[in-house]
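Chain residues, written in single-letter form:
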Amino acid sequence: MTLTDDVTLALLLAGCGFYLAGTVGLLRFPDVFCRLHALTKADNLGLFLVCSGLAVHSGEARVVSLLLLIWLVGLLAATVSAHLIARHAHQHLATSPEDSNEQR
Amino acid sequence: MTLFLLDGLIVVGLVTLAYQAVSSRSLFRGIIHFVVFGLTMALAWARVGAPDLAMAEAAIGAGLTGALMLVAYRRLVEGRSDSPADPAPAQSRLALPIAIGSGLLVGVIGLSALFSEVEPAQAGQAVLSELQQVDLGNPITAVLLLYRGLDTLLEVAVLLTAFLAARAVAGADGGEGSATTPAPETPMVGALLAVVIPLTVLVAIHLLRAGSYEPGGAFQGGAVLAGAGVLLILSGRIAATPVAGPLIRMGLLAGLVSFMLIGLVPLLKGSPLLALPGLWAVYFIETAMMLSIAITLILLFAGGGGLKRGRNG
Amino acid sequence: MTASALALIVFLPLLAACATVAFPGRWVGLIVRTGLLPLPLLMLVPTAAVLDQNVVHLALAGHASPLGIEWRLDSLSLLMLWLNVGITVLISLHAGFTFRPDSDRGRRFWPLWLILFASMNALVLSADLFNLYVTLELVTLAAIGLIAVESKPAALRAGMRYLLLALMASLLYLLGVGLIYGQAGTLDLYLIAEQIEPGWLPVTALTLMIVGLLIKSAVFPLHAWLPAAHGNAPGPVSAILSAMVVKVSIYMIWRLWFWGAAGWDLTTAANLMGLLGAAAIVYGSLAALVQDRLKMIVAYSTVAQLGYLMLLFPLASALAFQAASYHLLSHGLAKAAMFLAAANILNSVGTDRLQRLAGVDQRLPLDVFALALGGVSILGLPPSGGFVAKWLFLEAAWQQQAWGWLILVAGGGLLAAAYLFRVLGVICLHPRKRLDKRPRRENPDLASVAALILAVGAIAAGFFSAPVLDLVSAGLPPGMTP
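Fair warning: this is a prediction, and the values are worked out from it, not measured in the lab.

### Regarding the overall build of chain B
Phase 1 of the analysis: When helices and strands are counted, chain B shows 11 helices and two strands.
Phase 2 of the analysis: The principal-axis extents of the C-alpha atoms in chain B amount to approximately 60 × 55 × 35 Å.
Phase 3 of the analysis: Counting the 313 residues in chain B, one finds 44% classified as buried.
Phase 4 of the analysis: In chain B, the share of contacts with a sequence separation of at least 24, taken over all contacts with a separation of at least 6, comes to 75%.
Phase 5 of the analysis: The positive charge centre, built from 16 side chains, and the negative charge centre, built from 17, are 13 Å apart in chain B.

This is how it looks when you write it as structure tokens:
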């Protein structure tokens, strides 16, 4: 295996590790806001690592720029979704505090 | 070895997700499981070498269907004051017999597929050899529009019929008041739309054009465009109306009508029915179909007969 | 010439359907007429072609199978086309009143009606297995939309059940098509018939396809959706459903069995199909006997009559094929007449509960007469089309000395008599119960006349049977000698 393959493997494995961490956080954290923390931070970093691993593996400029675009759009989507979920949870919390742990 | 593991993971995932979707204790969770099932299905299609199908499944099966089901859930379940807070899906006595029957069916099909000799696919080879004479690189697009155009025409008619049947069931009401909750008033949504909508339109047009020589095509482009429409509806930029205006009506019918008219024209010159007079016809019909598919799916999601500018538009 | 006529037969109603969606209300009536009325004239061209050449092949887009899709018009397809065109045009006369083209209900109804019509035409022309699937889907979806078009709760429930069962049936059919394609490499039915030998895979595929189609044809015991759907749908919709829509899936089973699997040894399966038909006849007639709504009685009568079409499988001979084709024709006409008459009665009296209909023959003589004439054909009394069909069945059974089927056919007539005479008895014989309330609504005369024309057609079929039977014998399946 060449150096490129080694680097790719390392990046992909690191990315999967971060995804795993995010999922563990999703399952184990007590309430909505903590889970959102886990998801947004860990998953987005994981996505960045996976995309860079694939970019290193392919090496073509077109593919690298597409992967960069994918990461940015994924970041945008995750950001806005997290914002909307947090907002909804916050408003819900304001009206009925006992439901804060029942968020889906 | 790793591919075998991957395939096994996908199969186990599919069966587990299907089971969870049907038997989870909360209807909402069941819907989410179904959406993830759709995405795993797209993975499966990609594994068996059908990227066009994978794209269509991800866009329509996971994306649009998921959005539709969530909206329906909100309207039917949460909207009613008399239903319980988090209902379980209805139990059916037929669930176990159907599951066992399906398993047996799969087993029988697998066995019979194992014990048969497969002849080379005549139709597929004919397509690949004919493809040399046409300037299309994607055999799927050639089959859809040039060789088996009637199937595609009727499929677009099926989409129109589904929309008409949905309108017929909806009856006299429907339209005013979207099925979704009021859009959240936060500037983040506006920023998201400002970036995502033009990007989505670009991707849809790219998929349409790329269909000639790569996986892609009118259905995939239309589904992606419909996704953009769903975003606009959810954020209140577009709302439903009971009756469609002339522009929406033209867009709805464009695909089917243009395919039929362009297909009938060769008869005047003595050529066979549906013998498209050139690649320009293929591109024109594909564009019209993409428009029709997108508008039909958006209207089905909006729940009305037509569209107008919404409250935040 | 033939190609243009056939193309218009499929595409003219479809274009008209699009036009009814596109244009505003006052044009809809004109558009519907343009989409329907030219068709009987257009039909003359392919009829002449079939009488001349026996079979007409059309390779769509200029690509013959296995590359492309082919249309194949033979005697059976021609018969189905004529039946579809004739019945749809006559029912549309009636539907023009229930669903006025310029009303809201009309705007929801007519596009779906035209699409149903066009897709059935496309189905009987198709020679390609996957194309048959797509056209059948179109037929099913349009039918479901039409069942639910008035948004009545009972109709919506029935339509939902039909939707779920029909989707499962379509899935089974598609599974079978996929398996056959994997084996044969082509989707053209007639090419497959030449190449495939019976084996594990083809038999599994054929079973899957036929089970799916049996669900769509509401053959006992997979008939559960039919009475609710046909009994609760609006009048013209029930008529076209019982007269044509269930017939097209039976037509597909015939194609698969006699043309696709020609030469296979299917005696056990054929006897099974015959037994299912027998069960349908007995169950349907008995169920019709205990119903208290007129439309449900007519719907269960459909379940029973479809059993006769199953008798073609064990009695596979030229006579039986003629008998089944003629039964297709006369039942279509008679059942459409009965449903239209029942719709008129329902509209006028306000209910179709049998007990409340005593004396209705005084007020609605035309409709009750149409009902009775249709019943005569269902019963198989001479001189109706139903009698010709029954007679041919009896002859076919006698020829093969299949006494069981003979007794069944004769007995089926008696069972039909039971529920029909019950209906007519309650309506016509009413020594004391005389309803002298005014009718709730006046029916336009044309609505009753439409029902009457169909009923007279069913009787006339008994007189003019020779040309049709000759046509059918010209297009017998391979292996069936006259």
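### Brief notes about the overall build of chain A
Phase 1 of the analysis: The number of helices and strands found in chain A is three helices and zero strands.
Phase 2 of the analysis: Of the regular secondary structure in chain A, the N- to C-terminal order runs α-α-α.
Phase 3 of the analysis: Here chain A holds 104 residues, and the buried ones make up 26% of them.
Phase 4 of the analysis: Expressed as a percentage of contacts within chain A between residues at least 6 apart in sequence, the contacts between residues at least 24 apart total 69%.

### A look at empty space enclosed by the protein
Residue and element names in this part refer to chain C.
Phase 1 of the analysis: Counted under the stated rule, the structure contains six cavities of 30 Å³ or more.
Phase 2 of the analysis: Roughly 130 Å³ of volume is contained in the largest cavity.
Phase 3 of the analysis: Along its surface, the largest cavity is lined by 13 residues, and Ile180, Ile192, Leu206, Leu256 and Gly260 are the ones closest to its centre.
Phase 4 of the analysis: Contributing elements (two or more residues each) for the lining of the largest cavity: helix 9 (189-195), helix 10 (200-217) and helix 12 (235-260).
Phase 5 of the analysis: Within the lining of the largest cavity, the residues separate by chemical class into 12 nonpolar, one polar and no charged.
Phase 6 of the analysis: Looking at the second largest cavity, its volume works out to about 70 Å³.
Phase 7 of the analysis: Of all the secondary-structure elements, those providing two or more residues to the lining of the second largest cavity are helix 14 (294-310), helix 17 (365-379) and helix 19 (403-428).

### Description of the packing of aromatic side chains
Residue and element names in this part refer to chain C.
Phase 1 of the analysis: Throughout the structure, instances matching the rule amount to 20 aromatic pairs over all chains.
Phase 2 of the analysis: Taking 5.6 Å as the distance between ring centres and 5° as the angle between the ring planes, the aromatic pair formed by Phe258 and Phe313 counts as stacked. Here Phe313 lies in the loop between helix 14 and helix 15 (318-349) and Phe258 lies in helix 12, a separation of 55 residues in the sequence.
Phase 3 of the analysis: For Phe313, a relative accessible area of 2% puts it in the buried group.
Phase 4 of the analysis: Site record: aromatic cluster; members linked through ring pairs are Trp254, Trp257, Phe258, Trp259, Phe313 and Phe321.
Phase 5 of the analysis: Taking NZ or CZ as reference, Arg72 lies 4.2 Å from the ring centre of Tyr190, over its face.

### Description of the pairing of strand 1 (residues 56-59) of chain C
Residues and elements named next belong to chain C.
Phase 1 of the analysis: Because side chains alternate across strand 1, one face comprises the buried residues Val56 and Leu58, and the other comprises His57 and Ala59, none of which is buried.
Phase 2 of the analysis: In the sheet, strand 1 pairs with strand 2 (residues 70-73) via four bridges, with the strands oriented antiparallel. Bridge pairing in strand 2 places Ala59 opposite Glu70.

### Brief notes about helix 13 (residues 267-289) of chain C
Phase 1 of the analysis: Helix length check: helix 13 of chain C, at 23 residues, gives a terminal C-alpha distance of 33 Å against a target of 33 Å (1.5 Å per residue), a fit within 8%.
Phase 2 of the analysis: All buried positions along helix 13 of chain C are accounted for by Ala270, Met273, Gly274, Gly277, Ala278, Ala280, Ile281, Gly284, Ser285, Ala287 and Ala288 of chain C.

### Let's talk about the arrangement of the chains
Phase 1 of the analysis: Of all two pairs of chains sharing an interface, the pair with the highest contact count is chains B and C.
Phase 2 of the analysis: Kept free of each other, chain A and chain C leave a smallest C-alpha distance of 30 Å between them.

### Quick notes on the nonpolar core
Phase 1 of the analysis: Phe11, Leu129, Tyr173 and Trp254 of chain C are the most contacted members of the largest nonpolar core, which totals 248 residues.
Phase 2 of the analysis: Looking at this core, the element that brings in the most residues is helix 15 of chain C, giving 20 residues.
Phase 3 of the analysis: Each residue touching Trp254 of chain C, except ones within four places of it in the same chain, is listed here: Leu76, Trp259, Leu309, Leu312, Phe313, Phe321, Ala324, Ser325 and Leu328 of chain C.
Phase 4 of the analysis: Listed in part, the 13 residues of the second largest apolar core include Val71, Ala240, Ile298 and Ala302 of chain B.

### A word on the interface of chain C and chain B
Phase 1 of the analysis: Facing 54 residues of chain C, the contacting portion of chain B comprises 50 residues.
Phase 2 of the analysis: Run the count over chain C and chain B and you get one salt bridge.
Phase 3 of the analysis: For Arg148 of chain B, the salt bridge identified is with Asp128 of chain C, shortest N-O distance 2.5 Å.
Phase 4 of the analysis: Summed over the shared surface of chain C and chain B, the result is five residue pairs in polar contact (both at pLDDT 80 or more).
Phase 5 of the analysis: Within the residue set of the side of chain C that touches chain B, elements represented by two or more residues are helix 1 (2-22), helix 6 (104-125), helix 7 (129-147), helix 8 (153-184) and helix 10 of chain C.
Phase 6 of the analysis: Examining the composition of the side of chain C that touches chain B, we find that nine residues originate from one element, helix 1 of chain C, more than from any other.

### With respect to the pattern of salt bridges
Phase 1 of the analysis: As enumerated under the stated definition, the model contains nine salt bridges over all chains in all.
Phase 2 of the analysis: Residue Asp151 of chain B pairs with Arg148 of chain B through a salt bridge whose shortest N-O separation is 2.9 Å.
Phase 3 of the analysis: Among the charged side chains, a salt-bridge network with shared partners connects Arg148 and Asp151 of chain B together with Asp128 of chain C.

### Observations concerning the domain arrangement of chain B
Residue and element names in this part refer to chain B.
Phase 1 of the analysis: Structurally, chain B comprises domain 1 (9-78) and domain 2 (130-313).
Phase 2 of the analysis: For domain 1 versus domain 2, the separation of C-alpha centres amounts to 22 Å.
Phase 3 of the analysis: The interface is formed by 13 residues belonging to domain 1 together with 16 residues belonging to domain 2.
Phase 4 of the analysis: Between domain 1 and domain 2, a total of about 1200 Å² is buried, with carbon and sulfur atoms accounting for 78% of that surface.

### A few points about the confidence of the model for chain A
Residue and element names in this part refer to chain A.
Phase 1 of the analysis: Of all residues in chain A, 88% attain a pLDDT of 70 or more, and the chain-wide mean is 86.
Phase 2 of the analysis: Averaged pLDDT values for the elements of chain A fall to 88 in helix 3 (residues 61-95) and rise to 92 in helix 1 (residues 3-28).
Phase 3 of the analysis: The low-confidence segment residues 97-104, where pLDDT is below 50, has 15 contacts with residues more than four positions distant or belonging to other chains.

### Let's talk about the environment of Pro202 of chain C
Residue and element names in this part refer to chain C.
Phase 1 of the analysis: One can find Pro202 in helix 10.
Phase 2 of the analysis: Given the relative accessible area of 4%, Pro202 is considered buried.
Phase 3 of the analysis: Other than its neighbours up to four places away in sequence, Pro202 contacts Ile180, Gln183, Ile196, Glu197 and Trp264.

### Topic: helix 2 (residues 32-58) of chain A
Quick reminder: α-helices carry 3.6 residues per turn. Residues three or four places apart thus point the same way.
Phase 1 of the analysis: Taking 1.5 Å as the rise per residue, helix 2 of chain A with 27 residues should run 39 Å; its terminal C-alpha atoms sit 38 Å apart, in good agreement.
Phase 2 of the analysis: Phi for Gly59 of chain A, located one or two positions after helix 2 of chain A, is positive at around 80°.

### Topic: unusual backbone geometry
Residue and element names in this part refer to chain C.
Phase 1 of the analysis: Residues Phe220 and Pro221 are joined by a peptide bond in cis, for which omega reads 0°.
Phase 2 of the analysis: Mapping Pro221 onto the fold places it in the loop between helix 10 and helix 11 (225-232).
Phase 3 of the analysis: Along the chain, Pro382 connects to Pro383 via a cis peptide bond; the corresponding omega equals 0°.
Phase 4 of the analysis: For Pro383, the position within the fold is in the loop between helix 17 and helix 18 (385-399).
Phase 5 of the analysis: Phi is positive for Ser151, which is not a glycine, with a value near 55°.
Phase 6 of the analysis: Assignment of secondary structure puts Ser151 in the loop between helix 7 and helix 8.

The rules behind these values
Residues numbered from 1 in each chain as written. Chains lettered and ligands numbered in written order. Predicted model: local features only at pLDDT ≥ 70, side-chain atom pairs only at ≥ 80, totals over all residues. Heavy atoms only, no water. Helix = DSSP H or I, 4+ residues; strand = E, 2+ residues; numbered from the N terminus. Buried < 20%, exposed > 50% of the residue type's maximum accessible area, 1.4 Å probe, protein only. Contact = heavy atoms within 4.5 Å. Lys, Arg positive; Asp, Glu negative; His and termini not counted. Charge placed at Lys NZ, Arg CZ, Asp CG, Glu CD. 1 Å grid on protein atoms, 1.4 Å probe; cavity = no way out; pocket = protein on both sides within 12 Å on 5 of 7 lines; lining within 4 Å. Points joined across faces, edges and corners; volume = space filled by probe spheres on them. Nonpolar A, V, L, I, M, F, W, Y, C, P; charged D, E, K, R; others polar. Phe/Tyr/Trp six-rings, centres within 6.5 Å; stacked < 30°, edge-to-face > 60°. Lys NZ or Arg CZ within 6 Å of the ring centre and 35° of its normal. Pairing = 2+ DSSP bridges. Expected span 1.5 Å × (residues − 1). Core = buried A, V, L, I, M, F, W, Y, C linked by side-chain atoms within 4.5 Å. Salt bridge = Lys/Arg side-chain N within 4 Å of Asp/Glu carboxyl O. Polar contact = N/O pair within 3.5 Å; in protein donor to acceptor, adjacent residues only side chain to side chain. Domains from an automatic or database assignment. Buried area = accessible area lost by both parts, 1.4 Å probe. pLDDT = per-residue confidence, 0-100.

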